[in-house]
Amino acid sequence: MPSYLVNHLRQLESEAIYVLRETAAQFQRPVLLFSGGKDSIVMTWLARKAFWPARIPFPLVHIDTGHNFPETITFRDKLVRDVEARLVVGSVEESIKRGRVVEEKGPNASRNALQTITLLDTLLDLQADAALGGGRRDEEKARAKERFFSHRNEFGEWDPKNQRPELWNIFNGRKHHGEHFRVFPLSNWTEMDIWQYIKQENIPLPELYFAHRRPVVQRGSVLLAATDVVTLHHGEKPEVRLVRFRTVGDATCTGAVESSASTLDDIIDEVAAARVTERGGRADDKRSDTAMEDRKKQGYF
């Protein structure tokens, strides 16, 4: 007698594929926001499954701060070649040169928040009416407020108090001219689900996610990689430690964690025992209690 039981990972996969297909059906020019992190990699993997044997029917959009980890860019380019996707890169450096944004000054300067204008400009250039993102509700309290189809006004702004109901997986993509939606197929996934799915599907990842020796500096509760784009404070001295990254972003604000987890099984065990969220090491989220929500209201990822 065949078994028709489906485990929770297959249920989450089915839900995400449904959202991806709904996005392709309801919108004319959707794009997939690709950061090179594990969530956007999983979403690309799911998009490939959703439309196989055809190619992914929308471009991958990467907002490049110019301060990315080199491993991320190398992995991005290889993945794009492997899945034969179209890649569109929005450059924060170009936004600075054009006077669209002003670079932060000081030892804690970061280009992370500057990505918002570059993203909105890129979406406008592409005339995108939907942007698929890898955000998950378990990551951060502001992201927990998002719907699967999250409306943005004509200025790219998000109003968390004006979200549409989503009953019985019915998604409302209607909008006025100039508005767009952010779509989150991984909303109901957790960090543990992501790692278990990566193991199940044998999805390749950047080496940043696995334990490696790297010079870092301790800044408050955050371990920052000692790179050319991180300005050292007086008295700070880099030291080589065995670390890995739970989340990947701009090198100026993405913190590492001390870890010896060198395999997927090791990482899954570590995540199961963790008492700090994966974004607990992000310096940009520590600027205020509502840092993420404030950025999202302005049009951030």
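Before reading further, recall that the structure is shown in the block above.
Definitions and cut-offs
- Residues numbered from 1 in each chain as written.
- Predicted model: local features only at pLDDT ≥ 70, side-chain atom pairs only at ≥ 80, totals over all residues.
- Heavy atoms only, no water.
- Salt bridge = Lys/Arg side-chain N within 4 Å of Asp/Glu carboxyl O.
- Helix = DSSP H or I, 4+ residues; strand = E, 2+ residues; numbered from the N terminus.
- Buried < 20%, exposed > 50% of the residue type's maximum accessible area, 1.4 Å probe, protein only.
- Phe/Tyr/Trp six-rings, centres within 6.5 Å; stacked < 30°, edge-to-face > 60°.
- Lys NZ or Arg CZ within 6 Å of the ring centre and 35° of its normal.
- Pairing = 2+ DSSP bridges.
- Axes fitted to C-alpha atoms, helices over the stretch in contact; angles between N-to-C directions.
- Contact = heavy atoms within 4.5 Å.
- Expected span 1.5 Å × (residues − 1).
- Core = buried A, V, L, I, M, F, W, Y, C linked by side-chain atoms within 4.5 Å.
- Parallel < 35°, antiparallel > 145°, perpendicular 65-115°, else oblique.
- Left-handed = near helix turned anticlockwise from the far one by under 90°.

Enquirer: What should I look at first to understand the pattern of salt bridges in this one?
Expert: Pairing between side chains of opposite charge can happen when the charged atoms of each approach one another. A complete count under the given rule lists 19 salt bridges for this structure. Of the charged contacts in the structure, one is a salt bridge between arginine 10 and glutamate 13, with a shortest N-O distance of 3.0 Å. Of this pair, arginine 10 and glutamate 13 are both found in helix H1 (residues 8-26), three residues apart, which corresponds to roughly one turn of the helix. Given the relative accessible area of 31%, arginine 10 is considered partly exposed. Between glutamate 236 and arginine 219 there is a salt bridge, with its nearest N and O atoms 2.8 Å apart. With glutamate 236 in the loop between strand E8 (222-225) and strand E9 (239-244) and arginine 219 in strand E7 (residues 212-219), this pair connects stretches of sequence that are 17 residues apart.

Enquirer: Please clarify how the packing of aromatic side chains should be interpreted in this entry.
Expert: Each aromatic ring pair is described using two quantities: the centre-to-centre distance and the angle formed by the ring planes. Under the counting rule described, the total for this entry stands at 10 aromatic pairs. Look at tyrosine 18 and phenylalanine 171: their rings are 5.9 Å apart centre to centre, the planes differ by 45 degrees, and that puts the pair in the tilted class. Taken as a pair, tyrosine 18 in helix H1 and phenylalanine 171 in the loop between strand E5 (149-152) and strand E6 (180-183) lie far apart in primary sequence, 153 residues in all. By relative accessible area, phenylalanine 171 is classed as buried at 7%. Through a chain of ring-to-ring contacts, three or more aromatic side chains come together here, namely Tyr18, Phe27, Phe148, Phe149, Phe171 and Phe181. Positioned above the aromatic ring of phenylalanine 148, the side-chain terminus of arginine 137 is 5.1 Å from the ring centre.

Enquirer: Please clarify how the sheet that holds E6 should be interpreted in this entry.
Expert: The strands making up a sheet associate through backbone hydrogen bonding, with each pair oriented either parallel or antiparallel. Ordered in space as E3-E2-E1-E4-E6-E5, the six strands form an open sheet in which the pairing is mixed. Both edges of this open sheet fall to strand E3 (87-91) and E5, since each of them pairs with a single strand only. For this sheet, the mean angle separating the axes of adjacent strands, direction not counted, is 30 degrees. Inspection of the sheet shows strand E1 (residues 30-33) paired to strand E2 (residues 60-64) by two bridges, in the parallel sense. Counterpart to leucine 33 in the pairing with E2 is valine 61. Relative to the sheet, H1 contacts E1, strand E4 (130-132), E5 and E6, its axis offset from that of E5 by approximately 40 degrees. Contacts between helix H2 (residues 38-51) and the sheet are confined to E1, E2 and E4, with E1 contributing the most and set at about 140 degrees to the helix.

Enquirer: Help me out: how do you make sense of helix H5 (residues 115-126) in this one?
Expert: Because each turn of an α-helix spans 3.6 residues, side chains separated by three or four positions end up pointing in the same direction. The terminal C-alpha atoms of H5, which comprises 12 residues, lie 16 Å apart, in line with the 16 Å expected from a rise of 1.5 Å per residue. Residues of H5 that are buried: Gln115, Thr116, Thr118, Leu119, Leu120, Asp121, Thr122 and Leu123. Looking at the residues trailing H5, positive phi occurs at glutamine 127, about 55 degrees.

Enquirer: Would you mind going over the environment of valine 276 with me for this structure?
Expert: Here valine 276 lies in the loop between helix H7 (264-273) and helix H8 (291-298). Considered as a pair, valine 276 and glutamate 15 are 261 residues apart in the sequence and their alpha carbons are 27 Å apart.

Enquirer: Would you explain the nonpolar core in this entry?
Expert: Generally speaking, a soluble globular protein has its nonpolar side chains buried in company with each other. Counting residues in each nonpolar core, the largest one holds 57 residues, and the members touching the most others are Val42, Leu46, Trp189 and Trp195. Broken down by secondary-structure element, the contributors of at least two residues to this core are H1, H2, helix H3 (70-83), E4, E6, helix H6 (191-201), E8 and H7. The biggest single contributor to this core is H2, with seven residues. Leave out the neighbours within four places in its chain, and leucine 46 touches Glu13, Ala16, Ile17, Leu20, Leu186, Trp189 and Tyr197.

Enquirer: Teacher, can you tell me more about the packing of H6 against H7 here?
Expert: For any two helices packed against each other, one specifies the crossing angle of their axes together with the interaxial distance. For the pair H6 and H7, interaxial distance at closest approach is 10 Å and the crossing angle is 165 degrees. As summarised for this structure, H6 and H7 are arranged roughly antiparallel, according to the angle between their axes. In this structure, the crossing between H6 and H7 has a hand that is left-handed. For the pair H6 and H7, the contacting residues are Glu191, Met192, Trp195, Gln196, Ile198 and Lys199 in the first and Leu264, Asp265, Ile267, Ile268, Val271 and Ala272 in the second.

Enquirer: Explanation requested: the sheet that holds E7 in the structure shown.
Expert: Spatially, four strands are ordered E7-E8-E10-E9 in a closed barrel, and the strand pairing comes out antiparallel. The sheet shows a mean angle of 70 degrees between the axes of neighbouring strands, taken without regard to direction.

It is worth stressing that arrangement in space is one thing and function is another; only the former is reported here.
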